[in-house]
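# Coordinates in review
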Number of protein chains: 2
Amino acid sequence: MDQAVIADEEFTPRQQAVLDCALQLLVGGGEKGLTTAGLARAANCSKESIYKWFGDRDGLLAAMIAHQASKVRAGADNAHAMDGEQFRAYLTDFAHDLLDVLAGDVSLALNRLAIGQASRSESRLGRLMVERGRRRIEARAMALLEAGKRRGYIRYEDREATYHTFYGLIVRDLHVRMLLGEAGARRPEQFAAMADEAVGQFFALFGTETE
Amino acid sequence: MDQAVIADEEFTPRQQAVLDCALQLLVGGGEKGLTTAGLARAANCSKESIYKWFGDRDGLLAAMIAHQASKVRAGADNAHAMDGEQFRAYLTDFAHDLLDVLAGDVSLALNRLAIGQASRSESRLGRLMVERGRRRIEARAMALLEAGKRRGYIRYEDREATYHTFYGLIVRDLHVRMLLGEAGARRPEQFAAMADEAVGQFFALFGTETE
DNA sequence: TGCGAAGAGTACCGAACGGTACGGTACAGC
DNA sequence: GCTGTACCGTACCGTTCGGTACTCTTCGCA
């Protein structure tokens, strides 16, 4: 809006290396751990190059978000003829992947960064975060739900609302608690069980088999 | 832990006024909008007094959280003989109150602050935030669930898990989206409908009336 | 009336950070 | 060999902010 929006165009390998280094610094020390001087030192590049490539600090942060989002690949949408068991397995996979993504170090650090800056400037980073990171996995879920409905495994009226309910059943308050740094909230070994339970509840609400 | 933990003891009225002013600054400008000099100017007090009262900046932030938490009053737990309709109404009230609290300006600002600082220092503020703000409303919900179970309106095994599911049905991904500054996420006029729907889904999962 | 505590207002210090400028170096193309 | 380009490393600048010190006023109290 106020500036040329960072497009999907790839950065040079050198720039990507710098961005990865920046992400690492951000994960390690939070927003205060990511300074231009520190990044230049850690990435063996000059501050001048950083400013030449990304404009200013906000441009760097936006580039980091775009770069990280470009690395997340949406799971292939194998919507071939699936039976009910496969559909349930796909939903469970999605739930598990969602929990894994949200609990990732880089994801948490970037979300913390975007949230910390959300108060002012109408949150340009927050918008980027939602559009780049969220839409992708959301689209995967939407396609999955649509396929399940078409085959009669589930029924619903509003697809968006249904997805949001599914999301709530999976994530609950885990995301915010992880963002707050609550150590007990990150238990990846329980993600499988949590995904199973969420899918079970989702079928209880929207399934067509029993009831 | 590392310092004398701020207890519930009340601050002096003068100090509370300063804390309220600090909260206002935080709401208005985010973390960067809250500086000691700015607070001193806005609250007509001296920086030296701020440091004398609260120690350092972290102490001020912790005091702000404690102060704000002390203002949130948990709804009276009217667990008298209630019928199913009343129980459902209580749950709906809880859901609506929860959405209102999470969407509040001060709550969002404090959560953003705590999340922004959660990366380092093992998130002392985050812990404070969870313990002070969350436990209270959580306790109210727990008591409500317990009463509903005792009277046979709902059934469940794990009370904590049941509460978390209820929370997920109510909040979905709204909280994080509001924290990210997504304008479309704050629609207080829809909170009533959302609370209704969440309670309906909750009963579909845990209710005993119509299987 | 004198005294001491509390606190406002201000000046100040040191450190950190964003951003810029400059010198030095490797390399590609001619 | 000459020149332009890209880039590293570093020094530098202006600003901001956390935190401290000092003065002056107010007010309670004996």
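Definitions and limits used
- Residues numbered from 1 in each chain as written.
- Chains lettered and ligands numbered in written order.
- Predicted model: local features only at pLDDT ≥ 70, side-chain atom pairs only at ≥ 80, totals over all residues.
- Heavy atoms only, no water.
- Helix = DSSP H or I, 4+ residues; strand = E, 2+ residues; numbered from the N terminus.
- Buried < 20%, exposed > 50% of the residue type's maximum accessible area, 1.4 Å probe, protein only.
- Near = heavy atom within 4 Å.
- Polar contact = N/O pair within 3.5 Å; in protein donor to acceptor, adjacent residues only side chain to side chain.
- Nonpolar A, V, L, I, M, F, W, Y, C, P; charged D, E, K, R; others polar.
- Least-squares fit on C-alpha atoms with pLDDT ≥ 70 in both.
- Phe/Tyr/Trp six-rings, centres within 6.5 Å; stacked < 30°, edge-to-face > 60°.

Attention now goes to the overall build of chain A. Within chain A, the regular secondary structure consists of 10 helices and 0 strands. Going residue by residue from the N terminus, the α and β elements of chain A occur as α-α-α-α-α-α-α-α-α-α. In terms of overall dimensions, chain A has C-alpha extents of about 65 × 35 × 30 Å along its principal axes. Put simply, chain A has 211 residues, and 51% of those count as buried.

Neighbouring DNA strand D are 14 residues, the closest being R14 and S49 of chain A together with K47, E48 and R57 of chain B. When the atoms of DNA strand D within 4 Å of the protein are sorted by group, sugar and phosphate make up 54%. K47 of chain B has a polar side-chain atom sitting 2.4 Å from a base oxygen of DNA strand D. Here a phosphate oxygen of DNA strand D sits 2.8 Å away from a polar atom, N or O, in the side chain of R57 of chain B. Of all the elements in the fold, those that place two or more residues in the surface near DNA strand D are α3 (47-54) of chain A together with α3 (47-54) of chain B. For the surface near DNA strand D, the residue count by class is 3 nonpolar, 5 polar and 6 charged.

Between the two copies, chain B and chain A, the superposition gives an RMSD of 0.0 Å; the rotation angle is 180° and the shift along the axis is 0.0 Å. Both copies of the chain, as the preceding transformation shows, are related through a two-fold rotation axis.

A separate point is the packing of aromatic side chains. All names here are of chain A. Under the definition given, this model contains 20 aromatic pairs over all chains. Pairing F202 with F203 gives two aromatic rings, centres 6.3 Å apart and planes at 70°, and the pair type is edge-to-face. Each member of the pair, F202 as well as F203, carries the same accessibility label: buried. Members of the aromatic cluster, joined through ring pairs, are F87, F94, Y153, Y163, F166, Y167, F202, F203 and F206.

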